[in-house]
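Chains, contacts and geometry: an overview
The primary structure of each chain is shown beneath.
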Amino acid sequence: MYDQSQGVNYLNCSRGFWSWFGTLDHKRLGLMYMWSVMGAMLIGGVFAMVMRLELFAPGQQFVDAEAFNQLFTLHGAIMVFLVIIPGVPAALGNFALPLMLGAKDVAFPKLNRLSYHLWVVGALFFVGVLLTTGLDTGWTFYAPYSTLHSQTAVVWATFGAFFLGFSSIFTGINFIATIHKMRPPGMTWFKLPLFCWGLYATAIMQILATPVLGITLLLVGVERMLGVGIFNPALGGDPVLFQHLFWFYSHPAVYIMVLPPLGIISELIATYSRKHIFGYRFIAMSSVAIALVGFIVWGHHMFVSGQSALTSIVFSAITFFVAIPSAIKVFNWVATLYKGSIVMKAPMIYALSVIWLFGIGGMTGLWLTTLQQDIHLHDTYFVVAHFHYVLVSGAVFSMFAAAYYWLPKWSGVMPNKLLGELHFWSSLISVNLLFFPMHFVGLAGMPRRYADYALQFADYNFWISIGGFWFGLSQLLFLAVCVLCAMKKGEKAPARSWEGAEGLEWEVPSPAPFHTYDTPPVVK
Amino acid sequence: MSEQNLQQRNQRTLRKLLIWAVAMFGFAFAMVPFYDVICDITGLNGKTSTTASTEGPSQVVEDRTVTVEFITQRGEGVNGDFTSATRRVEVHPGEITLVNFFASNPKSSDIITQSIPSVSPGEAARYLHKTQCFCFDQQSLAAGERKEMPMIFYLDPELPRHRNTLTLSYTIFDVTDRVAATNK
């Protein structure tokens, strides 16, 4: 047993590269995921900023159309596969889940380490893509372009995504086993923290949906290398089959990206309102409902892919249904705020902004699931605005909120208050400047994925680009907060770093000791 | 609860969850042939049968007229003409109709082509029966050749009442390289 009074914790109990890279400790793995994901985010973000630089003014300035194709593809692929999918479950979940359950680690620490190593292998494949011919298929790898025409490193990218898929599946398995078997005595299902419910619903999708992506991308690789006709119509294949398979994974993947963040918001709203969450069971079950319904809505990506009108109507109707559990969450958050004693700390202002901004993303989602609207808006900037509101100001902002919330537990010092709030306001204004005008240019018919645009969109794009650079640079403030915490510069954090925080993770000292909860606590 | 006991129970959970993941791999893999079967049954993707229909129509419904439109498209690698003799025909369900298609090869070398049919709306695909079609086999076109390719079809008298127009689309692909590769 380590002596806490000597200041020994999980960060400094052993040193050296292998004590980190070969570690079985969920806290160290979570932290490594965090830094790795932030590194990938930086690269993906730079690609986005180069795109905005090109779109700053009409005409061709800095990159040609082919380079632009690569930029949006790599931006999308990196942000989806390397950042948002592992970002919350693997990085935040790894650190927080066992602590919140009062468990000493996840159920299978070695599998957990394997997940991280597979993530690194997958990331190396993407580095390989970057160093060779790049990738220009769009992150969706649509056949037949990806299988017949693209001259870029499609096979490398599909193998990379394949490894990342395994990483994701193993994390999901680990979390389900942990939540099923490692809960402390007294913690019944309906005493589980809501973040854990979010992770649980996500883990179900990771296990059931990710294998489908693995096979789909493998088939793309097989068709490219061996020339068998799976998606190629000339050989009797069907390109629409690719879209079915791809979206069968990738729609649930959207919920893999947003359910854990919404779980975070549920935790934070309760903590900083000094109240118990309103409608706990409804929020918990709404996560599971979204996860399950998420499996039967993939056809709404294919309204213009030639599916029959009846099929489209059915998919559209089921998609509307997703709004119900999502709205349940939002209404319960607002009800929790009502008559709460609200404290505006950095995590809370992020959480509050997510309610509003995620709401905008959700509402535009309803526009897009309306058949007639979607046919007009399909593949325009409106869609870009929609999913960036959900994924950036929804999921990424929740990650920021969670980072500010748990940084004291990770590092032992409180995050810098001034920098944190500056980061928030700067990000909040710029993210709206960046994405809100996209609704208008999309409605007016500006298509996505082009290196150039018609002259009438010039003014909007000028401001969108300004917002883009501003938002990108604002993230350096977040980096500064993290680096300051890592360097232990700041106010020392007590065990219960935030007043009103109730989870079991706040029972252990900050930073967390190497061994936590050798004997499970008893929850009343 | 002892440590070992917990480990055993965890292992059991791990096995169960792995089975789910493996089953989903299998499911995705099975979707490839399964999709074809589903589409055959429902006509979901507008694919028509790849073999000639052997039975003739049971009757001709004289009092009903259906419009059949033809679309021809050139796929990758084909730069010759590909057209049909007529763009639309009016037929009675059960009536046997012949439509000629033409393909030409302006290249200086022989090519082998394969045409892929698709019917819209997909629901109607299984009511379109072809007794002869150039799409059933690969068609070789000698250098500079212009070829007449007949297609004989009839509509099933059972065609749902609300379908008064269907579109039959053909895309022609150059599969010369592919055929050469498999014959090697």
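Note on numbering: residues in each chain are counted from 1, in written sequence order. Note on labels: chains are lettered from A, ligands numbered from 1, in written order. The predicted nature of this model means local features are confined to residues of pLDDT at least 70 and side-chain atom pairs, given and counted, to a pLDDT of 80 or more, with totals for whole chains, interfaces and linings taken over all residues. With hydrogens and water excluded, all non-hydrogen atoms of the structure serve as input to the side-chain values.

1. Quick notes on the sheet that holds strand β2 (residues 82-84) of chain B
All names here are of chain B.
- Within the open sheet, the 4 strands sit side by side as β2-β4-β8-β6. Their pairing is antiparallel. Two strands bound the open sheet, and with one partner strand each, they are β2 and β6 (128-132). Ignoring strand direction, the axes of neighbouring strands in this sheet form an average angle of 30°.
- A pair of strands is labelled paired if DSSP reports no fewer than 2 bridges between them. Secondary structure is summarised from DSSP: a helix means a run of H or I of at least four residues, a strand means a run of E of at least two, and numbering begins at the N terminus for each. Bridging between β2 and strand β4 (residues 97-104) involves 3 bridges; their strand directions are antiparallel. The residue of β4 that forms the bridge with F82 is A103. Lines are fitted to the C-alpha atoms to define the axes, a helix being fitted only along its stretch in contact, and any angle between axes, read from their N-to-C directions, falls within 0 to 180 degrees.

2. A word on the packing of aromatic side chains
- In summary, the pairing rule links any two rings of Phe, Tyr or Trp, Trp by its six-membered ring, whose centres are within 6.5 Å, and it sorts them by plane angle into stacked for under 30 degrees, edge-to-face for over 60 and tilted for everything else. Tallying each qualifying case throughout the model produces 61 aromatic pairs over all chains.
- Judged by centre distance (5.8 Å) and plane angle (15°), the ring pair of Y350(A) and Y404(A) falls under stacked. Placement of Y350(A) in helix α11 (residues 346-369) and of Y404(A) in helix α13 (residues 381-411) is noted, with a sequence separation of 54 residues between them.
- Relative accessibility under 20% of the residue-type maximum defines a buried residue, over 50% an exposed one, and the middle range a partly exposed one, all with a 1.4 Å probe and only protein chains included. What makes Y350(A) buried here is its relative accessible area of 0%.
- Summarising the aromatic geometry, the rings of F82(B) and F134(B) are spaced 6.3 Å apart at their centres and angled 80° between planes, so their arrangement reads as edge-to-face. Linking F82(B) in strand β2 with F134(B) in the loop between β6 and β7 (139-141), this pair joins segments that are 52 residues apart in sequence.

3. Considering the packing of helix α14 (residues 417-443) of chain A against helix α15 (residues 458-486) of chain A
All names here are of chain A.
- Between α14 and α15, whose axes approach to 8 Å, the crossing angle comes to 155°. Comparing their axes, α15 and α14 come out roughly antiparallel. The crossing of α14 and α15 is left-handed.
- Under the scheme applied, nonpolar residues are Ala, Val, Leu, Ile, Met, Phe, Trp, Tyr, Cys and Pro; charged residues are Asp, Glu, Lys and Arg; polar residues are all the others, including Gly. In terms of residue class, the contact of α14 with α15 is built from 21 nonpolar, 9 polar and no charged. Here the angle decides the label: under 35 degrees means roughly parallel, over 145 means roughly antiparallel, 65 to 115 means roughly perpendicular, and every other value means oblique. A crossing counts as left-handed when the near helix is turned anticlockwise from the far one by less than a right angle, and as right-handed when that turn is clockwise.

4. Here's the deal with the domain arrangement of chain B
- For every domain, the bounds stem from an assignment made automatically or drawn from a database. In terms of domains, chain B is made up of domain 1 (1-42) and domain 2 (66-183).
- If you average the C-alpha positions of domain 1 of chain B and of domain 2 of chain B, the two centres end up 42 Å apart.

5. Structural notes on helix α1 (residues 3-42) of chain B
- Multiplying one less than the number of residues by 1.5 Å gives the expected span of a helix. An ideal rise of 1.5 Å per residue puts 58 Å on 40 residues; α1(B) measures up with 55 Å between its terminal C-alpha atoms.
- Immediately downstream of α1(B), the backbone of G43(B) shows phi near 65°, a positive value.

6. Some remarks on the sheet that holds strand β1 (residues 66-74) of chain B
Residue and element names in this part refer to chain B.
- Spatially, the 5 strands line up as an open sheet ordered β3-β1-β9-β5-β7, and their pairing is mixed. The open sheet has two free edges, formed respectively by β3 (88-91) and β7, since each of these has just one partner strand. Strand-to-strand twist in this sheet, taken as the mean axis angle between neighbours without regard to direction, amounts to 30°.
- Two strands pair when backbone bridges link them, and strand β5 (residues 111-120) and strand β9 (residues 165-174) are joined in this way by 8 bridges, in the antiparallel orientation. Looking at β9, one finds that S120 is bridged to T167.

7. Digging into α15(A)
- Over its 29 residues, α15(A) runs 43 Å from end to end, which matches the ideal 42 Å to within 8%, given 1.5 Å per residue.
- Immediately beyond the C-terminal end of α15(A), within one or two residues, lies K488(A), with a positive phi of roughly 60°.

8. Thoughts on unusual backbone geometry
- In this chain, A143(A) is followed by P144(A) through a cis amide linkage whose omega measures 0°.
- Relative to the assigned elements, P144(A) resides in the loop between α4 (109-131) and α5 (145-149).
- The omega torsion of the bond from S120(B) to P121(B) falls at -10°, within 30 degrees of zero and hence cis.
- Among the secondary structure elements, P121(B) is positioned in the loop between β5 and β6.
- Of note, the phi angle at D379(A) is positive, near 60°, even though the residue is not glycine.
- With respect to the helices and strands, the residue D379(A) is situated in the loop between α12 (371-377) and α13.
- Residue classification places D379(A) among the partly exposed positions, given a relative accessible area of 38%.

9. A short note on the environment of L217(A)
Residues and elements named next belong to chain A.
- You can see L217 is positioned in helix α7 (residues 194-226).
- Accessibility expressed as a relative area gives 1% for L217, which makes it buried.
- Sequence spacing of L217 and T158 is 59 residues, and the spatial spacing of their C-alpha atoms is 5.4 Å.
- For L217, the residues in contact, after removing those within four places along its chain, are F141, T158 and A161. Residues are treated as being in contact if the distance between any of their heavy atoms lies within 4.5 Å.

10. Notes on the nonpolar core
- Put simply, a nonpolar core is a bunch of buried Ala, Val, Leu, Ile, Met, Phe, Trp, Tyr and Cys residues held in one set by side-chain atoms that sit within 4.5 Å of each other. Counting 197 residues, the largest nonpolar core has F81(A), L92(A), F195(A), F231(A), F397(A), W406(A) and W410(A) as the members making the most contacts within it.
- Leaving out residues up to four positions away in the same chain, F231(A) has contacts with A143(A), T147(A), T216(A), L219(A), V220(A), E223(A), G237(A), D238(A), P239(A), L241(A), F242(A) and L245(A).
- Counting 30 residues, the second largest nonpolar core, distinct from the first, contains F70(B), C133(B), F136(B) and L159(B).

11. Considerations on the state of the cysteines
- By convention in this document, the label disulfide applies to cysteine sulfur atom pairs within 2.5 Å. The tally for this structure, following the rule as stated, stands at 1 disulfide over all chains.
- Paired through a disulfide, C133(B) and C135(B) show a sulfur-sulfur distance of 2.4 Å. In this structure the cystine formed by C133(B) and C135(B) twists about its S-S bond by roughly 125°; its chirality is therefore right-handed. Each member of the pair, C133(B) together with C135(B), is buried.
- No disulfide involves C482(A); its sulfur sits 6.8 Å from that of C485(A), the nearest cysteine.
- C482(A) gets classed as buried once you look at its relative accessible area, which sits at 7%.

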